[in-house]
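One-letter residues, chain by chain:
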Amino acid sequence: MPFTPLGLAPALLPLLLRALHDKGYTEPTPIQSMAVPALLSGRDVLASAQTGSGKTAAFALPLLQRIHDLPSRAGRTTSALILVPTRELAAQVGESLVSFGKYLPQKIKVAVVFGGVSINPQMMHLRGGADVVVATPGRLIDLIDHNALSLAHVKTLVLDEADKLLDMGFADELARIVALLPAKRQNALFSATFAPAIEALAAAMMHEPLRIEIKPAPETVLPITQRAIAVDAAKRTQLLRHLVQTEKWQRVLVFVATKHAAEMVADKLRKADINAEPFHGELSQGKRSQVLMDFKAKAVQVVVATDVAARGLDISALPVVVNYDLPRSATDYTHRIGRTGRAGVSGIAVSFVSAATAAHFRLIEKRHAIKLELEQVPGFEPVEAAPVNGADPQGTGGVKGKRPSKKDKLRAAAKAG
Ligand code: AMP
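Our subject in this report is the structure included herewith.

Reading the values: rules and limits
- Residues numbered from 1 in each chain as written.
- Predicted model: local features only at pLDDT ≥ 70, side-chain atom pairs only at ≥ 80, totals over all residues.
- Heavy atoms only, no water.
- Helix = DSSP H or I, 4+ residues; strand = E, 2+ residues; numbered from the N terminus.
- Contact = heavy atoms within 4.5 Å.
- Buried < 20%, exposed > 50% of the residue type's maximum accessible area, 1.4 Å probe, protein only.
- Pairing = 2+ DSSP bridges.
- Axes fitted to C-alpha atoms, helices over the stretch in contact; angles between N-to-C directions.
- Polar contact = N/O pair within 3.5 Å; in protein donor to acceptor, adjacent residues only side chain to side chain.
- Core = buried A, V, L, I, M, F, W, Y, C linked by side-chain atoms within 4.5 Å.

## Here we look at the side chain of Thr-306
And step 1. Along the polypeptide, Thr-306 turns up in the loop between strand S11 (302-305) and strand S12 (320-323).
And step 2. Beyond its immediate stretch of four places on either side in the chain, Thr-306 contacts Phe-255, Val-256, Thr-258, Lys-259, Phe-279, His-280 and Gly-281.

## A short note on the pairing of strand S1 (residues 45-48)
And step 1. Of the two faces of S1, the one lined by Val-45 and Ala-47 and the one lined by Leu-46 and Ser-48 are each fully buried.
And step 2. In terms of strand pairing, S1 meets strand S6 (residues 186-191) through 4 bridges, oriented parallel. Residue pairing across strands places Val-45 opposite Ala-188, the latter belonging to S6.
And step 3. Bridging between S1 and strand S7 (residues 210-213) involves 4 bridges; their strand directions are parallel. Considered in S7, the bridge of Val-45 is made with Leu-210.

## Some remarks on the sheet that holds strand S9 (residues 252-255)
And step 1. Taken together, the 7 strands give an open sheet; going across it, the order is S10-S11-S9-S12-S13-S8-S14, and neighbouring strands pair in parallel fashion. Bordering the open sheet on either side are strand S10 (276-279) and strand S14 (374-375), each of which pairs with just one other strand.
And step 2. Two elements, strand S8 (residues 224-230) and strand S13 (residues 347-353), share 7 bridges in a ladder whose sense is parallel. Note on S13: the bridge partner recorded for Thr-225 is Ile-348.
And step 3. Packed on one face of the sheet, helix H12 (residues 285-296) meets S9, S10 and S11 and runs near 140° to S10.
And step 4. Those strands touched by helix H13 (residues 330-337) are S8, S9, S12 and S13, and its axis lies near 150° from that of S12.

## Focus: the side chain of Thr-334
And step 1. Structurally, Thr-334 is set in helix H13.
And step 2. Owing to a relative accessible area of 16%, Thr-334 belongs among the buried residues under this scheme.
And step 3. At a separation of 3.3 Å, a polar atom in the side chain of Thr-334 contacts the side chain of His-368.
And step 4. When residues no more than four places from it in sequence are discounted, the contact partners of Thr-334 are Gln-50 and His-368.

## Some details on the nonpolar core
And step 1. Of all hydrophobic cores here, the largest spans 42 residues; its most connected members are Ile-82, Leu-97, Val-132 and Val-134.
And step 2. Examining the composition of this core, we find that 8 residues originate from one element, helix H3 (residues 55-69), more than from any other.
And step 3. Beyond its immediate chain neighbours, meaning those up to four positions away, Val-134 contacts Ile-82, Val-84, Ala-90, Val-93, Gly-94, Leu-97, Val-110, Ala-111, Val-112 and Val-113.
And step 4. One finds Leu-126, Leu-140, Ala-148 and Ile-198 within the second-largest nonpolar core, a separate group that totals 34 residues.

## Quick word on the sheet that holds strand S3 (residues 110-113)
And step 1. What the 7 strands build is an open sheet, ordered S3-S4-S2-S5-S6-S1-S7; its pairing is parallel. The open sheet has two free edges, formed respectively by S3 and S7, since each of these has just one partner strand. On average, each strand axis in the sheet is inclined to that of its neighbour by 10°, with strand direction left out of account.
And step 2. In the packing of helix H9 (residues 196-205) onto the sheet, the strands contacted are S1, strand S5 (156-159), S6 and S7, and the crossing angle to S6 comes to about 175°.

## A word on the environment of Pro-319
And step 1. Mapping Pro-319 onto the fold places it in the loop between S11 and S12.
And step 2. It is 8.7 Å that separates the C-alpha atoms of Pro-319 and Arg-339, two residues lying 20 residues apart in sequence.

Next up, the structure:
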């Protein structure tokens, strides 16, 4: 189905279509088909949509039309506020809005504001107003406290990745911001899940929202080839290097558990002449933006990231994601591997599984109702008690039919004795 029947105004449609076409969008994704007409009609929308579903355009297109339709835009007032959990997502949403609106007759001014960088340039940018403000909640409140912007004329509020906003502890900030908005406004809330906290938030701030639940068919939940490779923990960096080289992975996002690991793995890869950069929350915003830009521009081949990068990032055509350290939860697994296979582009997600993490990986598999064949890569066969699929009825991560670990031997000796 083309974009045409979604209810976009005939005067704007060709201009928006041209911009969408530039980005390679030819037909709307399901969330766009459902949310765009509802938002254009003025309804509140409460949507659960997977990462990569196209939710940004789903709220951005109606927003652009609404702003375009405003009777007077002299002395720009902020008529749309988009709240997002992370700096990266803020930048990405801002870029999307600008690119969707680039052919509109009147330029839409988008201000993107987030913490971790100096507030002054953001205050300067907000002088003279902005049509749309894309913000992380903490910095928005700072700016309001500095009288740098007013929310008195906001007509549309979008909460993007609302579950993450709550997870990150922004509930109080959200309440404060919502209290500053006009009571009569349109609300759109996008969240990966409809967790009880999201339902409560929606009930508190939305008016009879249209609920949209995009549930991909089970086998298409992730258009991603998932692989699991058994490897000793100590051999993971070498294996990663080996795979990057032999499988000719051009762009890889590697997830690790800590900032330290991100630095260390990136460092070791660099020593092997692989262009790798760490990416974690303690890098300066400038450095993080630079790494992302270089990664997008293919100047960096491997980014080794903590979960900071797991949400919201849209690096199109990212073919490979590696779980060097396994994610803590099944949900994090989804977010991490959702970095690849975006918008139907297939990708590979590889998880390194060691003896110590085998039981945890099985839990992740169970939660996702998947069962991956545990591969071994020649030269990297695990020598620690190697995990084997389904061979662990106790769920301890212990193994049958493989070389026993020291612990296994001790246990066996204790039993025998
Ligand atoms: P989002 O969920 O908004 O972060 O979008 C996920 C990815 O899907 C991005 O790479 C978008 O550029 C892409 N995308 C969004 N809508 C469409 C569409 N209608 N056709 C093709 N790609 C799309």
